[in-house]
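Given next are the chains, with one letter for each unit.
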Amino acid sequence: MTEVDGRGQDAVFPEIPAFPEPIHVGRPNIARPEEFLELVAGALDRHWLSNGGPLVSEFERRVAELLGVRHCVAIVNGTIALEIAITALGLSGEVIVPSWTFVATVHALQRHSITPVFADIDPDTHALDPASVRSKITARTSGIIPVHLWGRVAPVDELAEIADEHNLTLLYDAAHAFGVGQGARMVGSFGDAEVLSFHATKFFNTIEGGAIVTNEDEVAERARLLRNFGFAGEDNVISVGTNGKMHEISAAMGLSNLDGLDELVATNRQNYETYIRLVEGLPGLQILPVGNGDRRNYQYVVMLVDDDCPVSRDTLLAGLRRNNILARRYFWPGVHRMEPYRSLQPEAGASLPATEKVSEQVIVLPTGTSVSPDDIHTIVSVLASTISPDE
Ligand SMILES: *Cc1c(COP(=O)(O)O)cnc(C)c1O
């Protein structure tokens, strides 16, 4: 099959895919299936499935300990955790966010009638650019929600400085950065609070799940009230709230995966290093470095397709997909180009040149425990033959 791609090149695709079955980005890692089933059996024996059960309490204690933070408030998913944190921190008016993130970061604001104000990223790190953040501050700005995108730690010192200077609340979206550390400090204790996601597609999962982690007692207290309808005790509702509770089966998956956390990271690391080694020889392609620091989770393999690659990003993606390699264009085309933001803020792109450029370059490749080094050799040879069909 031959098609002409966006750069006027002939793109040749095979009749028989390299993988008979699809190989996905974000296939769930299940580190300890037997331990998970044992924990679930215990919950069934106790007839205790939700509402502050012992597995959720143990999970919160262990996450807080691992991250070196005073409070972990486990939540049903990362998006509701963001919404609860936004309310618990009293954000209002305008909040500065990247457009280069998963859409949930921005939806969480919009759903609380807070105006998301998009700031640009540093094209080398994909993190919020502090200079762009500064340029977006107005009298209505109440906070900043930076994202530790791809598990790379955001420029926490510069962002803390900006927040201090302008008296802004700093809430981190740490959905990609569980188990990541900057020097001696783990992600989880930066800013006023941080939000984690343990969705099944994240490298560490509780099926669906998330958490708010913070060192501030009052923020944790408010988050606990908000996740449980505002109940301060039986029959005693003292504020408005929602239902954001994590349940025991999720906590069972979380506890069993925590026991295998180091292995999950080691597998991802090996996969990442294999990709780096093999992609290095291909023209116009590079793997985004995971960044400095001693603790990384290597959960995303982000490949950048430069202008000097002989074929376009979307041709490469199509070549992968024809071979049952379901790579992704996360987070194309950028949240500011999605509804309702595209209609509400049609001019936003003008101040987001790096976001617009990077969003055309990224392909996220499959990794995790269901992807082997042999699979990666095959994936990279599909990339090579999509670039140079004759070789
Ligand atoms: C996954 C993700 C979320 C949302 O988490 P869910 O648990 O899926 O609701 C928020 N922000 C980012 C950056 C994410 O990748």
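Here the structure is a predicted model, which means the values were calculated and not measured.

Rules used in this analysis
Residues numbered from 1 in each chain as written. Predicted model: local features only at pLDDT ≥ 70, side-chain atom pairs only at ≥ 80, totals over all residues. Heavy atoms only, no water. Buried < 20%, exposed > 50% of the residue type's maximum accessible area, 1.4 Å probe, protein only. Helix = DSSP H or I, 4+ residues; strand = E, 2+ residues; numbered from the N terminus. Pairing = 2+ DSSP bridges. Domains from an automatic or database assignment. Contact = heavy atoms within 4.5 Å. Buried area = accessible area lost by both parts, 1.4 Å probe. Salt bridge = Lys/Arg side-chain N within 4 Å of Asp/Glu carboxyl O. Nonpolar A, V, L, I, M, F, W, Y, C, P; charged D, E, K, R; others polar. Axes fitted to C-alpha atoms, helices over the stretch in contact; angles between N-to-C directions. Parallel < 35°, antiparallel > 145°, perpendicular 65-115°, else oblique. Left-handed = near helix turned anticlockwise from the far one by under 90°. Near = heavy atom within 4 Å. Polar contact = N/O pair within 3.5 Å; in protein donor to acceptor, adjacent residues only side chain to side chain. Areas by Shrake-Rupley, 256 points an atom, 1.4 Å probe, with all protein chains shown as cover. Phe/Tyr/Trp six-rings, centres within 6.5 Å; stacked < 30°, edge-to-face > 60°. Lys NZ or Arg CZ within 6 Å of the ring centre and 35° of its normal.

1. Side note on the pairing of strand S8 (residues 169–173)
Part 1 of the reasoning: Among the 5 residues of S8, 5 are classified as buried, and the element is accordingly described as predominantly covered.
Part 2 of the reasoning: Pairing geometry for strand S7 (residues 141–144) and S8, over 2 bridges, is parallel. Among the inter-strand pairings, Gly143 is bridged to a residue of S8, identified as Thr169.
Part 3 of the reasoning: Summarising the sheet, S8 and strand S11 (residues 193–197) pair through 3 bridges and their orientation is parallel. Its bridge partner lying in S11, Leu171 is registered against Ala193.

2. Overview of the domain arrangement of the protein chain
One frequently used descriptor of interface size is the decrease in accessible area upon assembly of the parts.
Part 1 of the reasoning: Per the domain assignment, the segments of the protein chain are domain 1 (2–28 + 261–327 + 366–387) and domain 2 (33–259).
Part 2 of the reasoning: Each of domain 1 and domain 2 has a C-alpha centre, and these two points are 30 Å apart.
Part 3 of the reasoning: Taken together, the 19 residues of domain 1 in the interface contact 26 residues of domain 2.
Part 4 of the reasoning: Approximately 1800 Å² of surface area, both sides summed, lies buried where domain 1 meets domain 2, with 55% of it carried by carbon and sulfur atoms.
Part 5 of the reasoning: Remark: the boundary between domain 1 and domain 2 carries 0 salt bridges.
Part 6 of the reasoning: Elements represented by at least two residues in the side of domain 1 that touches domain 2 include exactly helix H9 (261–279) and strand S16 (301–305).
Part 7 of the reasoning: It is H9 that provides the largest number of residues to the side of domain 1 that touches domain 2, a total of 5 residues.
Part 8 of the reasoning: Split by residue class, the side of domain 1 that touches domain 2 holds 10 nonpolar, 5 polar and 4 charged.

3. Remarks on the packing of helix H3 (residues 78–88) against helix H7 (residues 217–227)
Part 1 of the reasoning: Where H3 contacts H7, the two axes come as close as 9 Å, and the packing angle between them is 125°. When the axis of H3 is compared with that of H7, the two are oblique. With respect to the hand of their crossing, H3 and H7 are arranged in right-handed fashion. In contact with Ile84, Thr87 and Ala88 of H3, H7 contributes Val219, Arg222, Ala223, Leu226 and Arg227.
Part 2 of the reasoning: Here the contact of H3 with H7 is composed, by residue class, of 5 nonpolar, 1 polar and 2 charged.

4. Looking at the sheet that holds strand S18 (residues 362–365)
The strands that make up a sheet are held in pairs by hydrogen bonds between backbone atoms, and each pair lies either parallel or antiparallel.
Part 1 of the reasoning: With respect to topology, 3 strands assemble into an open sheet ordered S15-S16-S18, the strand pairing being antiparallel. Only two strands of the sheet have a single partner each, and these edge strands are strand S15 (285–287) and S18. Mean inter-strand twist for the sheet, computed between neighbouring axes without regard to direction, equals 30°.

5. Overview of the side chain of Asn297
Part 1 of the reasoning: Note on placement: Asn297 falls in the loop between S15 and S16.
Part 2 of the reasoning: Given a relative accessible area of 1%, Asn297 falls into the buried group.
Part 3 of the reasoning: Once residues within four sequence positions are removed from consideration, Asn297 is found in contact with Gly151, His176, Ala177, Phe178, Val180, Phe203, Val265 and Asn268.

6. Description of the site of the ligand
Part 1 of the reasoning: Surveying the vicinity of the ligand reveals 14 residues, the closest of which are Thr79, Asp173, His176, Ser197 and Lys202.
Part 2 of the reasoning: Separating an oxygen atom of the ligand from a side-chain N or O atom of Ser197 is a distance of 2.7 Å.
Part 3 of the reasoning: Within the side chain of Lys202, one N or O atom sits 3.0 Å away from an oxygen atom of the ligand.
Part 4 of the reasoning: Relative to its unbound accessible surface of 380 Å², the ligand loses 92% to contact with the protein.
Part 5 of the reasoning: Broken down by secondary-structure element, the contributors of at least two residues to the shell around the ligand are H3 and helix H4 (104–110).

7. Looking at the packing of aromatic side chains
Part 1 of the reasoning: With the rule as written, the count across this model stands at 16 aromatic pairs.
Part 2 of the reasoning: Measuring from ring centre to ring centre gives 6.4 Å for Trp100 and Trp150, while their planes differ by 75°; the resulting arrangement is edge-to-face. On the criterion of sequence distance, the pair formed by Trp100 in the loop between strand S5 (94–98) and H4 and Trp150 in the loop between S7 and helix H6 (156–166) is long-range, its members being 50 residues apart.
Part 3 of the reasoning: Where Tyr300 meets Tyr330, the ring centres are 6.3 Å apart and the plane angle is 80°; that geometry is what we call edge-to-face. You can see Tyr300 sitting in the loop between S15 and S16 and its partner Tyr330 sitting in the loop between strand S17 (325–326) and helix H11 (341–344), a full 30 residues away along the chain.
Part 4 of the reasoning: Overall, Tyr330 belongs to the buried group, its relative accessible area being 16%.
Part 5 of the reasoning: Three or more aromatic residues link up through ring pairs in this structure, and these residues are Trp100, Phe102, Trp150, Tyr300, Tyr330 and Phe331.
Part 6 of the reasoning: When the ring centre of Phe102 is taken as origin, the NZ or CZ atom of Lys202, which lies over that ring, is 5.8 Å away.

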